[in-house]
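# Notes for the structure review
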Amino acid sequence: MPSMTPRMHAWSSERGASLVIALLAVMMLTALGAALVLTTTTETMLTYNFQTGQQTLYAADAGLERSVQDLIREPNWSGVLAGTRTSGFADDPPHLLPDGTSVDLAALTTALQSDTDMFYGVANLNRPVWQLYAHGPMSSLLPAGQILAQGYVVVWVGDDPGESDGNPALDGNGTLLVHAEAFGEGGSHKVVEASAVRTATTSLESGYVAQRGQDEQNRRARKEAVQTPGADLTELVMSLKTGGIS
Amino acid sequence: MNRKVLSGLVFVSAFSIVLGVLGSHPDILYGKGKKEPWFSEQLDQLRFLKRFQDARDLGTGKRAKKKFVPIAGADPPVGPNVILAVDTSLRMQFDENGHYYDLGVWPRADDPTVADDLGVSALATNYRRRYDALIDDDSGGSFKVQADRITVVDDQAADYADFFDPTRLSIAREGLAQVVDENDNVARFGLMRSRYGNGAVLPAVGNNNPARLMTPPQDDLQGEVSGESKKWKVTVAFTTTDNIAASADGTEVLIDADVLNSSATVYAALLLGPDEVGGLLPAGNAYDDSTDSPIGELLVDARAEAVRLMGADLDLYRECRNTAVVLVVGGAGGAVDPAITASSFAAVSAGSVTHRVPIFVVAINPPAADVATLQAIATNSGGAYFEASNAVEVAYAANYAVQAVHVNSEDLDLGLPGIFQTTSPILGTVDLSNASDIDGLPLLNSAITTSGGAVITQRANVILTSGFSLPGFHADLRAFRAYRPKLDATKALGYRFIQDGTRLWVAHTPAVAERNIYTYVPGTGMLPFTTAASSVSTLRDYLRMGTDAEAAELIGFIRNQPLGAIIGSTPALIDPPSLVAPDDDYATFASQRVNRRSLAFYGGNDGMVHAIDGRLGVEVWAFIPFNLLPKLRTLQDGQPVDDFAYFVDSSPKVADVKVAGVWRTMLFIGEGAGGTFYHALDISDAGMGVAPDSDSEAAVVAAFNDASVIPFQWSFPSYSSFDHTIETTLTPFGDLGASATQIEKTVGHTWSDPAVGQIEDVTGPYVMMTGSGFLDETIEAQGARAGVRAGTTFYLLDVGTGSVHDSYDVGDEAGKGHFKNALQSDPTATGETGSRFVTQVFSGDTEGNLWRFNITAAGGTASLQVPVKSHDTQQQHPLFASLALVNVGGPVQYIFLATGMDSMEPSMKMVMFHMVGLKDDASQDKSSVREFVYDMDRQTAVNGDERPTSAPAVAGDVVFYTTTTEFPNDPCRCHESSLYALTYDGNVAYGAGTGGVASNKGKAKGKQSIEEITTWDGRATAPFIADQHLYFGVGDELRVFGDAEDFNNGVSAQGVRVTSWREIR
């Protein structure tokens, strides 16, 4: 079982780190499926273990991304941390692994929490208390037939340990840890973890706001400046007849 | 009724090809009642096409009088030249069945026996004769012609006064007169005829006696020529020599286009019948064939007239004043080959300039053998060919010609269509995974992943530009790829996103049969707008058609039209629901629509709200508002440039709202100058059912082939309050009827694009907030309206039902009489920092008042408090455009606005308009503080007339304004666009350097002048900001400001960011 690392707290407040833009789950997973297939195709010279390891890693990441998509739609993350809100990605028992054995989700949760408690100390009320959020076979991340790899994905969420409210079931700063594990063929096992931060803004460039009158949305999110005020602006031009911004 | 196919519209190169079914028409021309009152809307959104008109209209404003003095000798500049060249050979006095319409008025008393024999009423005083199937008589006898019979119409008959209407000449006259009347402010019309042989004079009654009648019982009648059996007289303008042998004698040009009030004179001449002095006289030496129709010679004369007009023009205007010929004929003919002659029209030189003078051929029931020649005339000159069988079709063709000469002269000379951007470009997100460009080539890196395999989303990846093309007034909605990914190992995602601009599509319709066009009829519901019997019978009365056949014909015509012009409608591009979830239910709502295809909605001046697939550009759905059904018929005779008929000319607003506890995506749209209604449609499931990356147009279009996909929700006023039978001069296509409520009568033309939001807190209702717009006082005084003032009321409407939560009438302020007041600008809703709830909304009126409406909610009902006049820009500074609003903490709002509008009539302008910055702290009874005000003073600097272009836009701590400067004294000088960038307190926002410089002349806050960043040739659209880039249109170009290699930066792109990611094992 992986242990929580001392860097975790730093990650949660890390700014400018890799920014993985969330997207529509099925779109993303469709592309992931293609990537899986492509990877499988192009890495035929690699060892079987490496292949399955990569597939399992992709699956872990896919599970994490899927969970982020669900988290976007959650109006309140405290419900997630309290375990009352979970992802729609959840299968029914017996939670079978590729080798036919059954995953004990409660045991996995206990093990993850044990590692965390060991790192932070049980007395630390701000430590993450992991809640099982999503779980299921890799193949369920995509429509039937679009993913070939066998495996099983489990995702937990926990409160930001940088928060000092003393309540791991209450989200006070719009930040969560998302911990995803995938179990693949040949006993492969991959773990990824991410910090997810709720943006304080409404998505100006998304959805129905791509229209006239979007300025009214500034009450919720002042748009970032065009380049750097005080410096020069860069001008580009495009002909409607021929296209091509230059 | 016959249907005529516009057979083979022939153009040079890129002129749009328009193949449409032109329906025939009922008894009258719609144009006679077409001058709806909104031509005097206080705004003319097509004014930018009318540069010559600006010059003519100079002088009524105080400032204008000082700066712009009409040029001596230039009166009247008016606009391009349109030479109406009419075939006046004898065949023009025939109808499509070969019947000749005798020119004489026959007194019954002159020969009662003959009158009785012909069936003239005993009560009649006079009668007219039609010689049916009149042809040359080749029997070798004394007869020149033979006819089946004489059909009489006496003065006791209802159609006596319309006797000549079926003739080619009357069809031509009627259609042309309409177009002259509808465009007399924007074009200089001249009138000429074909050459006559000797002796072409208005004939005396029965001046010829060459006819015999062939069909019983008239073949046995004695006849009327003394001493000759069975010979009948005919009134005809026979010439003693052939028309085609005649030389030009200077009389062919009846009315010069360059004389004062030429269009009015032409109009008057066209109203005269062929038997009236001064009217167009059909004359010649041969009957119904092309042997004596000097069409080639008519073109020679028309070219000479074009040369004269160009040479006589002022140097100032000659450079850009276009000239076209509308050639109205009954066929080909002439000793001179007309097609060869037409080739010389491609380059006509005079006065040191060379221009193309396209010929628009209108062939009225031409012989089939002549069609190829007539088409060649159009092709060789760069014009277009039309066939017509009635005046409506003639008007359509002539309106098309008027549209063509409003293309910039450079484009017209090259045979290119004109493209005009009218509303701001927008950016949205479309699934372009594995998509292709407009040429079918695959887009590079359209689907990319991180090294870890995670898909990288490309948001705000499509630019939409919108406007229209001429001739035709067709929509010009184009999509471009905003940026493309480029591998870059230094970037966290492994890519950077650089400028692109690849053309993706130009919006288009599917096959006519596949179009999903719907309307809504009260009591019936959503109804397919098709020629199916059930639809036709239901719609016939609303379409103002007398029979089902006519209704079906009109429906067919409308379905055949290309996408209609976008003039005042900024599209909205929607993708799957993606708000930060306001509540638990939204997550479910959004997850169910995660694969909803992106759609662009816009309002068109073809009578419809359109939905265009974001990936493929094909129209998937359209909706015709109920109150616009009666007006559709006006489209059959084409769109005039001057008296343009507006339809759905407003911008859609789309919002996710909760209706009766259920989340929905709703679309709200008004009609601008096109009408007085707002409409609400449920688009929650629009775009479902087909994969977002599908490239099957058929599948995408088929997914909308069900009226339930986008159900109509409500209108305000209610459709049931609309009386389609009202037909007055002021409201020829219906108006509010007796059942309309008091509040419904307060709605003016729906220019104001609404704002939408939830009021105050989670318990508050979702409402649509809007004003409306101008409505002529004469309409207010009409019928059931009973003088109720319209346009000055602000409304809070329930998004689910359209019911009025509350309203407030700001009224007319005493002493402010420069404009009729209206809350015409787009309201801007706001609230406190970080809150999505609306507690205030700002809206400006045309008297220069900026109003703040504080809004509260209780018990599910929203209420308006007494509004505060946040600012008064004075009546010379009307507020037409929407505001830019920024909350900077608590309730404090920065407000940016521009006074005036570039579409205001020149005579309405009295001062230099302003860019204004305000700060409002939301205190009740307290006005805002003015942060800055700047004159738009390029008028002084470049002798131009600078005006704002719609609304400003804000990004970061900077507000951007665009303006357009016109040059009324110099119509040939291109409009110039300017961009300004200011900080909130009015200082210059960007530094000096290459590629755009701003300087403020060293003046500090509060001064009166500021320099633009830079200028470009062309009219500017409003700015739009997305993804840290500023976009606006100029002419047929898009201007973009921002880092060329920093797109898709994720700013505000989602509700959750992953700020760290690490593989642990």
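Residues numbered from 1 in each chain as written. Chains lettered and ligands numbered in written order. Predicted model: local features only at pLDDT ≥ 70, side-chain atom pairs only at ≥ 80, totals over all residues. Heavy atoms only, no water.

### Remarks on the overall build of chain B
This is how it is decided: Under the DSSP-based scheme used, a helix requires at least four consecutive residues in state H or I and a strand at least two consecutive residues in state E, with every element numbered from the N terminus. Relative accessible area decides the class of each residue, using a 1.4 Å probe on protein chains only: under 20% of the type maximum gives buried, over 50% gives exposed, and in between gives partly exposed. Residues count as neighbours in contact if any of their non-hydrogen atoms are within 4.5 Å of one another. Accessible surface is estimated by sampling points in the Shrake-Rupley manner with a 1.4 Å probe; for residues, cover comes only from the protein chains shown.
A tally of regular secondary structure across chain B gives 18 helices and 63 strands. Taking all 1065 residues of chain B together, the buried fraction comes to 66%. Taking the intrachain contacts of chain B between residues at least 6 apart in sequence as the baseline, contacts between residues at least 24 apart amount to 69%. Taken as a whole, chain B presents about 32,200 Å² of accessible surface, with 50% of it coming from carbon and sulfur.

### Concerning the pattern of salt bridges
Residue and element names in this part refer to chain B. Which entries qualify depends on this criterion: For this document, the term salt bridge refers to a Lys or Arg side-chain nitrogen within 4 Å of an Asp or Glu carboxyl oxygen.
This model, assessed by the stated rule, comprises 51 salt bridges over all chains. Across the pair Arg-664 and Asp-685 runs a salt bridge whose closest N-O atoms are separated by 3.8 Å. Pair noted here: Arg-664 is in strand S37 (residues 662-669) and Asp-685 is in the loop between strand S38 (678-682) and helix H15 (697-702), with a separation of 21 residues, a long-range link. Looking at Asp-685, the relative accessible area reads 33%, which means it is partly exposed. Measuring nitrogen to oxygen at the nearest pair gives 2.9 Å for the salt bridge that ties Asp-872 to Lys-816.

### Observations concerning the state of the cysteines
Among covalent bonds in proteins, the disulfide is the one between the sulfur atoms of two cysteines. All names here are of chain B. Formally: Pairs of cysteine sulfur atoms within 2.5 Å are what we label disulfides.
According to the stated counting rule, one finds one disulfide over all chains in the structure shown. A sulfur-sulfur separation of 2.0 Å characterises the disulfide bridge that pairs Cys-320 with Cys-972. Measuring the twist about the S-S bond at about -80°, one finds the Cys-320-Cys-972 disulfide to be left-handed. With a gap of 652 residues between them, Cys-320 in the loop between helix H7 (315-318) and strand S16 (323-329) and Cys-972 in the loop between strand S57 (958-966) and strand S58 (976-983) connect regions that are remote in the sequence. Given a relative accessible area of 14%, Cys-320 falls into the buried group. Using a relative accessible area of 15% as the deciding quantity, one classes Cys-972 as buried.

### Examining the pairing of S37(B)
Residues and elements named next belong to chain B. This is how it is decided: A pair of strands is considered paired only if DSSP assigns at least 2 bridges between the two.
Across the eight residues of S37, seven count as buried, placing the element largely inside the fold. Where strand S36 (residues 653-659) lies against S37, seven bridges are found, and the strand directions are antiparallel. In the strand pairing of S37, Val-659 is matched with Val-662. Between the end of S36 and the start of S37, which pair antiparallel, lie two residues, with Ala-660 showing a positive phi angle near 50°. Where S37 and S38 come together, four bridges link them in antiparallel fashion. Across the sheet, residue Met-666 finds its bridge partner in S38, namely Asp-682.

### Let's talk about the sheet that holds strand S34 (residues 609-613) of chain B
Residues and elements named next belong to chain B. Short version of the rule: Angles shown run from 0 to 180 degrees and are taken between the N-to-C directions of axes, each axis being a line fitted to C-alpha atoms and, for helices, limited to the stretch in contact.
Pairing in this open sheet of six strands is mixed, and the strands run S31-S30-S35-S34-S33-S32 from one edge to the other. The sheet terminates laterally at strand S31 (525-528) and strand S32 (572-574), the two strands that pair on one side only. Strand-to-strand, the axes of this sheet are offset by a mean angle of 25°, without reference to chain direction. Pairing between S32 and strand S33 (residues 599-603): three bridges, direction antiparallel.

### Focus: the environment of B:Thr530
Residues and elements named next belong to chain B. Which entries qualify depends on this criterion: Any pair of N or O atoms that falls within 3.5 Å is considered a polar contact. Within protein, one atom must be able to donate a hydrogen and the other to accept it, and sequence-neighbouring residues count only if both atoms are side-chain atoms.
When you line up the elements, Thr-530 lands in the loop between S31 and helix H12 (533-539). Along the chain, Thr-530 and Thr-519 lie eleven residues apart, while their C-alpha atoms are 9.9 Å from each other. Those residues in contact with Thr-530, other than ones at most four positions away along the chain, are Ser-535, Val-536, Ile-555 and Arg-559. Only 3.2 Å separates the side chain of Thr-530 from the backbone nitrogen of Ala-532, close enough to count as a polar contact.

### Concerning the packing of helix H4 (residues 168-183) of chain B against helix H5 (residues 262-271) of chain B
All names here are of chain B. Let me state the cut-off plainly: Each angle receives one of four descriptions, namely roughly parallel if under 35 degrees, roughly antiparallel if over 145, roughly perpendicular if within 65 to 115, and oblique otherwise. Here a crossing is called left-handed whenever its near helix is offset anticlockwise from the far helix by less than a right angle, and right-handed whenever the offset is clockwise.
Between H4 and H5, whose axes approach to 9 Å, the crossing angle comes to 155°. Compared by their axis directions, H4 and H5 come out roughly antiparallel. For the element pair H4 and H5, the recorded crossing hand is left-handed. Residue-level contacts link Arg-173, Leu-176, Ala-177, Val-180 and Asp-181 of H4 to Ser-263, Val-266, Tyr-267, Leu-270 and Leu-271 of H5.

### Looking at the environment of B:Ala346
Relative to the helices and strands, B:Ala346 resides in the loop between helix H8 (338-343) and strand S17 (348-350). Separated by 33 residues in the primary sequence, B:Ala346 and B:Thr379 have C-alpha atoms spaced 9.7 Å apart.

### Quick notes on the packing of aromatic side chains
Residues and elements named next belong to chain B. Quick reminder of the rule: Pairing of aromatic rings covers Phe, Tyr and Trp, the last counted by its six-membered ring, and requires centre-to-centre distances within 6.5 Å; plane angles under 30 degrees mean stacked, over 60 mean edge-to-face, and any other angle means tilted. We call a charge positioned over a ring when the NZ of a Lys or the CZ of an Arg lies within 6 Å of the ring centre and within 35 degrees of the ring normal.
Overall, the coordinates contain 42 aromatic pairs over all chains when judged by the stated rule. Judged by centre distance (5.9 Å) and plane angle (85°), the rings of Phe-677 and Phe-722 are edge-to-face. Placement of the pair is Phe-677 in the loop between S37 and S38 and Phe-722 in strand S40 (residues 722-723), with a sequence separation of 45 residues. Each member of the pair Phe-677 and Phe-722 is classed as buried. Geometrically, the ring pair formed by Phe-1032 and Phe-1041 is stacked, given 6.2 Å between the ring centres and 10° between the ring planes. Within the aromatic cluster, the residues linked to one another by ring pairs are Tyr-520, Tyr-542, Phe-601, Trp-621, Phe-623, Phe-626, Phe-677, Phe-712, Tyr-719 and Phe-722. For Arg-973, the ring lying beneath its charged end belongs to Phe-967, and the centroid distance is 3.7 Å.

### Structural notes on the sheet that holds strand S44 (residues 793-798) of chain B
All names here are of chain B. Overall, antiparallel pairing links the four strands, which are arranged S42-S43-S44-S45 in an open sheet. In the strand order of this sheet, the two ends are held by strand S42 (755-758) and strand S45 (804-809), each with one partner. Looking at each pair of strands side by side, their axes are set apart by 20° on average, direction ignored. For strand S43 (residues 766-770) and S44, the ladder comprises four bridges, and the chain directions are antiparallel. Looking at S44, one finds that Val-767 is bridged to Asp-798.

### Focus: helix H9 (residues 371-381) of chain B
All names here are of chain B. Here H9 has its buried residues at Val-371, Leu-374, Ala-376, Ile-377, Ala-378 and Ser-381. The secondary structure elements touched by the buried residues of H9 are helix H6 (295-312), S16, H8, strand S19 (359-364) and strand S20 (384-388). Positive backbone phi, at 90°, marks Gly-382, one or two positions downstream of H9.

### A look at the packing of H4(B) against helix H10 (residues 391-404) of chain B
All names here are of chain B. To keep things clear, this is the line we draw: Three classes are used, and their members are as follows: Ala, Val, Leu, Ile, Met, Phe, Trp, Tyr, Cys and Pro are nonpolar, Asp, Glu, Lys and Arg are charged, and the others, Gly among them, are polar.
Contact pair H4 / H10: the axes reach a minimum separation of 8 Å and the direction vectors enclose 40°. Between H4 and H10, the interaxial angle falls into the category oblique. The handedness of the crossing between H4 and H10 is right-handed. Across the interface between the two elements, Ile-171, Ala-172, Glu-174, Gly-175, Leu-176, Gln-178, Val-179, Glu-182 and Asn-183 from H4 touch Ala-391, Val-394, Ala-395, Ala-398, Asn-399 and Val-402 from H10. A per-class count over the contact of H4 with H10 returns nine nonpolar, four polar and two charged.

### Quick look at the environment of B:Ser708
All names here are of chain B. In this structure, Ser-708 sits in the loop between H15 and strand S39 (712-716). C-alpha separation for the pair Ser-708 and Met-526, spaced 182 residues apart in sequence, amounts to 7.9 Å. Engagement of the side chain of Ser-708 in a polar contact is seen with the side chain of Asp-706, the distance being 2.8 Å.

### With respect to the nonpolar core
Residue and element names in this part refer to chain B. Inclusion rule: Each nonpolar core is a collection of buried residues, namely Ala, Val, Leu, Ile, Met, Phe, Trp, Tyr and Cys, held together in the definition by side-chain atoms within 4.5 Å. Each domain's extent was defined by an automatic or database domain assignment.
Within the largest apolar cluster, 133 residues are counted, with the highest numbers of intra-cluster contacts made by Leu-84, Phe-468, Phe-529, Leu-543, Trp-621 and Phe-896. Lining this core are residues from two domains, each supplying at least three of them: domain 1 (1-32 + 81-96 + 166-197 + 242-416) and domain 3 (730-883). Leaving out residues up to four positions away in the same chain, Leu-543 has contacts with Phe-529, Ala-551, Leu-554, Ile-555, Leu-629, Pro-630, Leu-632 and Arg-633.

### Comments concerning the confidence of the model for chain B
In low-pLDDT regions, the fine details of the predicted coordinates are not to be read closely. All names here are of chain B. Put simply, the rule is: In predicted models, pLDDT denotes the confidence assigned by the predictor to each residue on a 0 to 100 scale.
Considering every residue of chain B, the mean pLDDT works out to 88; 89% of them sit at 70 or more. In this model residues 1-39 is a low-confidence stretch, pLDDT under 50, and it forms 138 contacts with partners more than four residues away in sequence or in other chains. The low-confidence segment residues 993-1009, where pLDDT is below 50, has 40 contacts with residues more than four positions distant or belonging to other chains.

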